[in-house]
Amino acid sequence: MADAAVLSTGSSVAEGRRRRNWVPYALLLPGLLWLFVFFVVPMITLASQSLQEGNVDDGFVFTGNVAVYGQALTTYWPQMLRSLLYAGTATVLALVLGYPLAYFIAQKAGRWKNVVLVLVIAPFFTSFLIRTLAWKTILSDNWVVTDWANKLGVTSVLQALGLTANDSLLFSPFAVVMGLTYNFLPFMILPLYATLERLDPRLLEAASDLYASPWQTFRKVTWPLSLPGVVAGTLLTFIPASGDFINARLLGNTQTTMIGAVIDSQFLRVLDYPLAAALSFVLLVIILVLVASYVRKAGTEELL
Amino acid sequence: MNDKSFDRDNPVLRAALLRGMVSRRSAMMGAAGVSAAAFLAACGSAGKNPSSGSGASGTASAARTAAAAKDMSDTEKIVNWSNWQEYIDVSEDGKSRPSLDAFTKKTGIKVNYTEDYNDNDEFYAKVRPLLEGGTDTGRDVWVSTDWMVARLIRQGYVQKLDMANIPNAKNLEASFQNVEFDPGRQYSLPWQAGFGCIGYNTKATGGKKIETITQLLTDPSLKGKVTLLTEMRDTMGLVMMEQGKDISKFTAADFEAALAMIQQAKDSGQLKGFTGNDYTDGLAKGDIAACVAWSGDVASLKVDSPELGLTLPAAGYTLWTDNFVVPALAKHKKNAEKLIDYYYDPKVMAEVEAWVNYIPPVAGTRAAVAATDAELGGNQLIFPSAETLAKAQVFRPLTADEETKFAKAYSALTTA
C-alpha cells in the first residue's frame with residue numbers, strides 16, 4: 001500500500017517533470033522565431049547579396065563573386081581601421097567619464113538616485129540625430145565654445161595633437177570622437193550602475209578594517225566586482241560606435257569617414273549593394289573576433 | 001523682343017537639353033533586351049510595374065511604361081510635391097510660399113510641399129525600391145535633373161503627362177522643347193535651369209573672393225572648410241573646365257585627371273565633405289567657407305546673408321535643367337498636372353524667379369518680370385546674356401558603360 005503510494009507519487013512527479021520539460025522550449029519559440037525572421041533571414045540575404053554582380057539598371061545576379069570581399073578590404077581598410085580607433089577611444093572616454101558617475105549614483109546619490117538616473121536617460125527622449133545636430137551647433141565656429149577654446153589655447157593643443165585641422169573644433173576627429181562619446185555614454189553608465197548598485201558596502205568596510213587604502217579597496221574589491229558592468233558597458237558602447245554613421249557624417253570631414261558612413265552611402269546613394277553587403281560582413285566578422293578575444297581576456301564569459 | 005535674343009535657338013541652352021545622358025547608340029543597344037524583359041514581365045506579375053530586377057535585360061528601355069494608379073484628384077484636393085531646398089518663392093517672414101498659396105486659393109488644391117530632394121542619387125535610392133515593388137511613393141510630382149529624368153523614363157518609373165490638363169505648356173521656351181532625354185516632352189516639363197558655380201562666405205574667407213576652382217581646392221586659408229557637390233556632373237564638370245577641357249566632349253583620361261585633382265585636395269585636408277543641396281545652411285552660417293554650389297541657391301541666400309559671394313568661374317561653368325515628372329502610381333496625377341500648368345503661366349513664373357534666381361523655361365517670363373522689377377530683368381542668373389551662356393558648358397551624354405564606370409570612380413571619392 002505504502003509502496004504503491006510511493007510509486008504512484010514518483011511516477012506522477014516524473015510525468016510532471018516530463019510535461020514541464022517542453023515548457024521552456026515553448027517559451028523560447030517566439031524569440032527564436034523572431035531571431036530567425038529578423039536576424040537569420042536578413043543575414044542570409046545579405047550574404048547572397050554580397051556575392052551578386054550587376055547594376056541597378058540591369059538588376060543583380062548571383063555569381064558567387066568572392067573578389068568583392070578583397071575589393072572591400074583593400075579599398076576601405078583605412079575607414080575600417082579608423083572606425084575601430086574612434087570607437088575604441090570613445091569607449092575609453094565613456095568609461096573614464098561614466099565610472100565615477102555610476103559609482104556616485106549607485107553609492108552616494110541617496111534620495112537623488114532616481115532623479116540622476118532619469119537625467120542620464122533623459123537624452124533618449126530626443127532623437128539621436130537631433131542630439132548630434134546639437135553638437136554641430138555647440139561646436140560651431142561662431143559660438144562661445146570655439147571662441148573660448150581659442151582664447152584658452154585648447155584648439156592649438158588639439159591641433160598639435162592632430163585632432164583638429166585649424167582653429168575650429170567642428171569637422172574634425174575631435175568632434176567625431178566627442179559626438180560618439182556623448183551619444184553612447186548612457187550605454188556605459190547604466191550597466192555600470194547596475195553592478196555598482198549591488199556592491200555590498202560591508203565589503204568596503206571589511207577592506208578598510210583590514211587596513212586597505214582607498215586605492216587598494218578600489219583595486220581589490222570595487223573594480224573586480226564591477227567587471228561584469230565594465231564588460232557589458234564597453235561592449236554596448238564599442239559595438240554600436242564602430243558601426244555608427246551619423247557622427248562622422250555630421251561632425252567630421254572627408255578624412256574622418258567611418259565605415260558605417262561608407263556602407264550607408266554604398267547602400268543608399270551609390271546603390272552598389274554587393275560591395276555594401278560585403279563591407280557589412282567584414283565589419284561584422286572583425287567586431288566578432290575583437291569582442292570574442294576581449295571577453296576571453298576579461299575572463300567573464302560566465303558573467304555575460 | 002529681348003526674349004527672343006535670349007532663348008530662341010540658343011545653341012548652348014539647346015545643348016543643355018541634349019544632356020540626355022545615355023546616348024542614342026546605347027539606347028538602341030538596350031532595345032533588344034527590353035522586348036525580352038517586357039515579355040518576362042508580361043508572363044510574370046501582371047499589373048505590377050515592370051521591374052529592373054529581372055536579370056540581364058537592356059540598359060535603356062524606352063518600351064517600359066509606368067503603371068498608373070486610379071486618379072483620386074477629383075475627390076482628394078491635394079497634390080504631394082517633392083522639391084529641392086531654396087527652390088521656390090518664400091514670403092518675407094519665411095513662413096509661407098505665396099505662389100503655392102495662390103494656387104490653392106485658385107484651384108482649391110492643397111499642396112503638400114516637401115523639400116526632401118537633396119541629391120539625385122539619394123532621392124532615386126529612396127524611391128526606387130517602392131517603384132520597383134509597384135508601390136505608390138506617396139508623391140505626385142517631383143523635380144529631377146535632366147540625366148535622372150532619362151533614367152526614370154528608361155526604367156518606366158514616370159508617367160506620360162496629359163497635355164490636355166496643361167494648356168500653358170504652349171509657353172515652353174522653344175529651346176527647351178525637343179530634348180534627347182525626352183523627345184517631344186511627353187514625360188517631363190522643365191521647372192528651372194541653372195549653373196553650377198562657386199559660392200563663398202566672405203565672413204569665413206576673411207573677406208577674400210574665391211574666383212577659381214584651383215583656389216577653392218588649394219588655398220590654405222580655406223583648409224577643411226570647402227565642400228563639393230555629390231552631383232558628379234557639376235563638380236567634375238567645373239574641375240575639368242578648370243583644367244581646360246571641353247566637357248561636351250571630354251575623354252576618360254580627362255575625367256581621371258580631374259578626379260586626381262580632387263583626390264589631392266581631399267588628401268591635403270582641404271575638403272570638409274561632399275554634399276547634396278544641404279550645403280546651403282552651412283554656407284550661410286560660415287561653417288563652409290567656400291563650395292561648389294548652384295547659382296540660384298547662393299543668389300537667394302544672399303538676400304538674407306549679404307556676406308555671401310558667387311563666382312561663375314572664368315574657365316567655364318556647368319548648365320543643367322531640372323524637370324517636373326509624375327511618378328508611376330501617383331494618386332493625384334491630374335492635380336499635379338494642374339500645378340505644372342499653373343507654373344507655366346509667365347506671371348506666376350516671374351514671381352518665382354524673383355526669389356529663386358534660376359533660368360525660367362517659360363516664354364514671356366522676362367516681360368512679366370520687367371513689368372514689376374526692371375533690375376531683375378537684367379539679372380544674368382535669371383536671364384543670361386549670350387555672353388554669359390557662351391561660357392556655360394554642358395556635360396556630355398554618357399554611354400551606359402561610362403555612366404557606371406564614372407559614377408563608381410566618383411562615388412569612391414565622395415563616400416570614403
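Residues numbered from 1 in each chain as written. Chains lettered and ligands numbered in written order. Predicted model: local features only at pLDDT ≥ 70, side-chain atom pairs only at ≥ 80, totals over all residues. Heavy atoms only, no water.

*Asks:* Help me understand the domain arrangement of chain A, please; the structure alone is not making it clear to me.
*Replies:* It is common to report an interface's size as the accessible area lost on association of the parts. Residues and elements named next belong to chain A. Under the domain assignment, chain A is made up of domain 1 (2-50) and domain 2 (68-303). Summarising the inter-unit geometry, the C-alpha centres of domain 1 and domain 2 are found 37 Å apart. Taken together, the contact pairs 5 residues of domain 1 with 10 residues of domain 2. Where domain 1 abuts domain 2, roughly 580 Å² becomes buried across the two surfaces, and 75% of that area is made up of carbon and sulfur atoms. On the domain 1 side of the contact with domain 2, Leu46, Gln49 and Ser50 bury the most area, a combined 78% of that side's loss. The tally of links from domain 1 across to domain 2 stands at 0 salt bridges. Along the contact surface separating domain 1 from domain 2 lie 1 residue pair in polar contact (both at pLDDT 80 or more). Of the residues in the side of domain 1 that touches domain 2, the class split is 3 nonpolar, 2 polar and no charged. (Domains from an automatic or database assignment. Contact = heavy atoms within 4.5 Å. Buried area = accessible area lost by both parts, 1.4 Å probe. Salt bridge = Lys/Arg side-chain N within 4 Å of Asp/Glu carboxyl O. Polar contact = N/O pair within 3.5 Å; in protein donor to acceptor, adjacent residues only side chain to side chain. Nonpolar A, V, L, I, M, F, W, Y, C, P; charged D, E, K, R; others polar.)

*Asks:* Hey, could you run me through empty space enclosed by the protein in this one?
*Replies:* A water-sized probe, rolled over the atoms, reveals where empty space remains. On inspection of all chains with the given rule, the structure shows 2 cavities of 30 Å³ or more. Taken as a whole, the largest cavity encloses approximately 90 Å³ of empty space. Taken together, Trp84, Gln85, Tyr87, Thr145, Glu231, Asp234, Asn277, Trp294, Asp297, Trp320, Asp322 and Tyr358 of chain B make up the full set of residues lining the largest cavity. By volume, the second largest cavity is sized at about 50 Å³. Lining the second largest cavity are Ala165, Asn166, Ser168, Leu170, Phe171, Ser172 and Asn253 of chain A together with Gly224 and Lys225 of chain B. In terms of residue class, the lining of the second largest cavity is made up of 3 nonpolar, 5 polar and 1 charged. (1 Å grid on protein atoms, 1.4 Å probe; cavity = no way out; pocket = protein on both sides within 12 Å on 5 of 7 lines; lining within 4 Å. Points joined across faces, edges and corners; volume = space filled by probe spheres on them.)

*Asks:* What should I look at first to understand the nonpolar core in this one?
*Replies:* The nonpolar side chains of a soluble globular protein tend to be buried with one another. Trp81, Trp191, Leu216, Leu228, Met236, Ile262 and Tyr343 of chain B are the most contacted members of the largest nonpolar core, which has 116 residues in total. Those residues in contact with Ile262 of chain B that lie beyond four places of it in its chain are Leu228, Thr235, Met236, Val239, Leu271, Phe274, Tyr410 and Leu413 of chain B. Of all hydrophobic cores here, the second largest spans 23 residues; its members include Ala87, Leu139, Ile246 and Met258 of chain A. (Core = buried A, V, L, I, M, F, W, Y, C linked by side-chain atoms within 4.5 Å. Buried < 20%, exposed > 50% of the residue type's maximum accessible area, 1.4 Å probe, protein only.)

*Asks:* When you look at the layout of surface pockets in this model, what are you seeing that I'm missing?
*Replies:* Looking at the largest pocket, its volume works out to about 1400 Å³. Lining the largest pocket are 46 residues, and of these Arg249 and Leu250 of chain A together with Asn118, Phe274 and Asp278 of chain B sit closest to its centre. Of all elements in the fold, only helix H4 (128-138), helix H10 (246-251) and helix H11 (259-270) of chain A together with helix H5 (120-132), strand S7 (271-275), helix H11 (279-285) and helix H17 (400-415) of chain B reach the threshold of two or more residues within the lining of the largest pocket. The residue inventory of the lining of the largest pocket, partitioned by class, reads 15 nonpolar, 17 polar and 14 charged. Quantified by volume, the second largest pocket comes out at close to 760 Å³. Surrounding the second largest pocket, 37 residues form its lining, Asn55, Val56 and Val270 of chain A together with Thr404 and Ala407 of chain B being those nearest its centre. At the level of elements, strand S1 (52-55), helix H2 (67-108), H11 and helix H12 (273-298) of chain A together with H5, helix H6 (146-154), helix H9 (232-242) and H17 of chain B are the ones that each hand at least two residues to the lining of the second largest pocket. Here the lining of the second largest pocket takes 8 residues from H17 of chain B, the largest share from any one element. In terms of residue class, the lining of the second largest pocket is built from 14 nonpolar, 10 polar and 13 charged. (Helix = DSSP H or I, 4+ residues; strand = E, 2+ residues; numbered from the N terminus.)

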